[in-house]
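Chain by chain, the residues:
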Amino acid sequence: MTKRITADEVTHVATLARLRVADDELVMFTEQLAAVLETASALEALDLDGVEPMAQPYALTNVLREDVVTPSLDPTEVLAMAPAAEDGRFRVPPALGDAQ
Amino acid sequence: MSELSDGWEMVIGLEVHVELATKSKLFCGCSNSFGDQPNTNVCPTCLGLPGSLPVVNAQAVQYAMTLGRAIGCTVSPSVFARKNYFYPDMPKDYQTTQYDQPTNEDGSLELPDGTVIGIERAHIEEDTGKSTHLGGGGRIHDATATLVDYNRAGVPLVEVVTRPELTSADEARAYVAELRDILIATGVSDARMEEGSMRVDANVSVRPTGDAELRTRCEIKNINSLRSLGRAINYEARRHVALYEAGEAPSQETRHWDEDGGRSTSGRSKEDADDYRYFACPDLPPLAPTPAELAAIDEAMPVLPGRRRSALASAAGVSMAETSLAVERGLDTFALDAIAAGGQGISVMKHVDQNLADGVGVMTAESFAALVALEADGALSATQVKTVLYEMVASGGQPADIAASMGFEAMDNSELESLLDQLIADNPDEWARFAEGDSKVQGFFVGQIMKATQGKADGKIVNQLMSAKAKA
């Protein structure tokens, strides 16, 4: 079996997903993910010349709604779902970095 | 004009986020309104609660395609994609945007001075929530907690991305001002930078003048006005030049503009596009505009600022740039009508720019043209014309009638001449200085004549008479 993914790549993806991965887990996940990718690579064997790429399997386009305002949730109810709230807002641990 | 030391040039690309003027959000029916109490315009969809599904707002798509066509883009079938990242401003942990198949691509925008800026793409995406950082004096790095309001999460945006073709802060400001005028003319957005409905990020790099390579860029965020945009770009470009000249190099990162401090500060290192793990959103079927829809958009397109400027420039016999103010004030149609009614182009433009900042009130283009003609004939002085003009704006009427009712009658040149002769006789020293070329005393004579005639004299005629006498 060819090496489909490296331990460094798994570490990188784990960091992006905010997952902490122990050393033995890293070995295990690298093997498991390599197997998943190996299986998926079966698709590469298919002759897809002349097949239009599609974003979805459904034959749907332009599923739209009218620009009409509908009622929102009660903010008290909304904030009650959060672990912490303050001043009508969700309170979360300090977020370093930028809004997108 | 470059603000940099010799041998360096700027390379600027702009990303402008435009909030669309829809009533509801992009994927749900929550209200798209600014300034409401926090978290009052939220529902399961824009909070990313399990089981909720997005449905695209037809008006948002319509606005996005309208903007695309207004900036000359090709409008193509498009696919929504998920941009995955962890940050509390998006409760879903991804932002729905467009990636490899955006709605609009390959456009351009012409600035008033004729420079054409290439547009790479203008894609649809949802806005994020608004974060407030507590503690640390509002500084992100020292914050003790972050408070989030999701009213803005899911508000429809179009992100307009230029090619890296802008070369100065002035050009960047002109581009944003032009885009704003187009957004307002098409009704796509109210484009208020101060309310955040139009937000500009600037990608800035520098390179040795004439080089073709693109060097490391920094993305400057938190720019809230045209003035900030110019300052931020100049600051950043100078920072890069200083680094290169010291034998160092800038690193690719996002930086925050600090308007009060007049500087940018380091944000986070920029993630690669790969790190966002974009993939087509399985919940949202692609958009596929029909030729008929696109034709209808073109049909309904208002005359855009660029075309309005060129029409006015050719009618008035002035440059495109000189028509900017009139078009911005929405007075170009009035000016064209006045010129068609016989008003001399340059005079019409002068009054539109200098005296009609508050609009034309009840004045008709025909009566305005008649006033411009009276001024051209020398029947009224500049001061009198202004007085009559304001009266026409306030109450309408014909300039000749108003001038007569105000007792404005053209002064005979011979009358002025004898007044001037008298002044010269009374002030021989001043006159001698004027005759020797000291233009500073010119104002003294004009002022004295205006005083003697209670402002009825035409300053231009007085100047002409003085020059003629000085040469005689």
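Quick summary incoming for the structure in this document. Note that the coordinates shown come from a computational prediction; the quantities given were computed from them, not determined experimentally.

Observations regarding the pattern of salt bridges
All names here are of chain B.
1) Next: Applying the stated criterion across every chain, the model contains 28 salt bridges over all chains.
2) Next: Of the charged contacts, one joins arginine 199 and glutamate 19 as a salt bridge, the two residues approaching to 3.5 Å between their closest N and O atoms. Here the residue arginine 199 occupies a position in strand 11 (residues 198-208), and glutamate 19 occupies one in strand 1 (residues 8-19), the gap between them amounting to 180 residues. Assigned by exposure class, arginine 199 and glutamate 19 land together as buried.
3) Next: In this structure, the salt-bridge partner of arginine 227 is glutamate 259, at a minimum N-O distance of 3.0 Å. Placement of arginine 227 in helix 3 (residues 226-245) and of glutamate 259 in the loop between strand 13 (253-258) and strand 14 (263-269) is noted, with a sequence separation of 32 residues between them.

With respect to the nonpolar core
1) Next: Leu14(B), Ile71(B), Tyr175(B) and Leu179(B) are the most contacted members of the largest nonpolar core, which totals 64 residues.
2) Next: Ala326(B), Ile339(B), Val348(B) and Met349(B) belong to the second-largest nonpolar core, a separate cluster that totals 28 residues.

Observations regarding the interface of chain B and chain A
How big an interface is tends to be reported as the loss of accessible area on association of its parts.
1) Next: Across the boundary between the two partners, chain B contributes 65 residues, which contact 38 residues of chain A.
2) Next: When chain B packs against chain A, close to 4200 Å² is buried across both sides, 57% of that on carbon and sulfur atoms.
3) Next: If you sort the residues of chain B by the area they bury against chain A, Phe86(B), Leu147(B) and Pro285(B) come out on top, with a joint share of 12%.
4) Next: Seen at the junction of chain B and chain A, the total is 20 residue pairs in polar contact (both at pLDDT 80 or more).
5) Next: Those elements that provide at least two residues to the side of chain B that touches chain A are strand 2 (56-57), helix 1 (58-70), strand 8 (130-134), strand 9 (145-149), strand 13 and strand 14 of chain B.

What to know about the pairing of strand 5 (residues 94-98) of chain B
1) Next: Most of strand 5 of chain B is tucked away, with 5 of its 5 residues classed as buried.
2) Next: Of the two faces of strand 5 of chain B, the one lined by Tyr94(B), Thr96(B) and Gln98(B) and the one lined by Gln95(B) and Thr97(B) are each fully buried.

Focus on helix 15 (residues 459-471) of chain B
Residue and element names in this part refer to chain B.
1) Next: End to end, helix 15 covers 19 Å across 13 residues, agreeing with the expected 18 Å (1.5 Å per residue, within 8%).
2) Next: Turning to helix 15, its buried residues number three or more, namely Gly459, Ile461, Val462, Leu465 and Met466. One side of helix 15 carries all its buried residues, which in axial view fall inside an arc of 160 degrees. Away from its buried face, by an angle of more than 90 degrees, helix 15 presents the exposed residues Lys460, Gln464 and Lys471.

Digging into the packing of helix 2 (residues 169-186) of chain B against helix 5 (residues 305-316) of chain B
All names here are of chain B.
1) Next: Taken N-terminus to C-terminus, the directions of helix 2 and helix 5 make an angle of 100 degrees; their axes are 9 Å apart at the nearest point. Here helix 2 is positioned roughly perpendicular relative to helix 5, judged by the angle of their axes. Along its contact with helix 2, which presents Glu178, Asp181, Ile182 and Ala185, the element helix 5 presents Pro305, Gly306 and Arg309.
2) Next: Grouping the constituent residues of the contact of helix 2 with helix 5 by class yields 3 nonpolar, 1 polar and 3 charged.

Some remarks on the packing of aromatic side chains
Residue and element names in this part refer to chain B.
1) Next: Under the counting rule described, the total for this entry stands at 11 aromatic pairs over all chains.
2) Next: Arranged with centres 5.6 Å apart and planes meeting at 80 degrees, the rings of phenylalanine 27 and phenylalanine 80 form a pair that is edge-to-face. Of this pair, phenylalanine 27 sits in the loop between strand 1 and strand 2 while phenylalanine 80 sits in strand 4 (residues 80-84), and the two are 53 residues apart along the sequence.
3) Next: Classification of phenylalanine 27 as buried rests on a relative accessible area of 5%.
4) Next: Judged by relative accessible area, phenylalanine 80 falls into the buried class, the value being 1%.
5) Next: Summarising the aromatic geometry, the rings of tyrosine 85 and tyrosine 276 are spaced 6.4 Å apart at their centres and angled 85 degrees between planes, so their arrangement reads as edge-to-face. A residue pair is termed long-range when its members are at least 10 positions apart, and tyrosine 85 in the loop between strand 4 and strand 5 and tyrosine 276 in the loop between strand 14 and strand 15 (279-280) qualify at 191 residues. Residue tyrosine 85 shares its accessibility class with tyrosine 276, and that shared class is buried.
6) Next: Grouped by ring-pair contacts, the aromatic residues Tyr85, Tyr99, Tyr276 and Tyr278 constitute a single cluster.

Calculation notes
Residues numbered from 1 in each chain as written. Chains lettered and ligands numbered in written order. Predicted model: local features only at pLDDT ≥ 70, side-chain atom pairs only at ≥ 80, totals over all residues. Heavy atoms only, no water. Salt bridge = Lys/Arg side-chain N within 4 Å of Asp/Glu carboxyl O. Helix = DSSP H or I, 4+ residues; strand = E, 2+ residues; numbered from the N terminus. Buried < 20%, exposed > 50% of the residue type's maximum accessible area, 1.4 Å probe, protein only. Core = buried A, V, L, I, M, F, W, Y, C linked by side-chain atoms within 4.5 Å. Contact = heavy atoms within 4.5 Å. Buried area = accessible area lost by both parts, 1.4 Å probe. Polar contact = N/O pair within 3.5 Å; in protein donor to acceptor, adjacent residues only side chain to side chain. Expected span 1.5 Å × (residues − 1). Arc of directions from axis to C-beta. Axes fitted to C-alpha atoms, helices over the stretch in contact; angles between N-to-C directions. Parallel < 35°, antiparallel > 145°, perpendicular 65-115°, else oblique. Nonpolar A, V, L, I, M, F, W, Y, C, P; charged D, E, K, R; others polar. Phe/Tyr/Trp six-rings, centres within 6.5 Å; stacked < 30°, edge-to-face > 60°.

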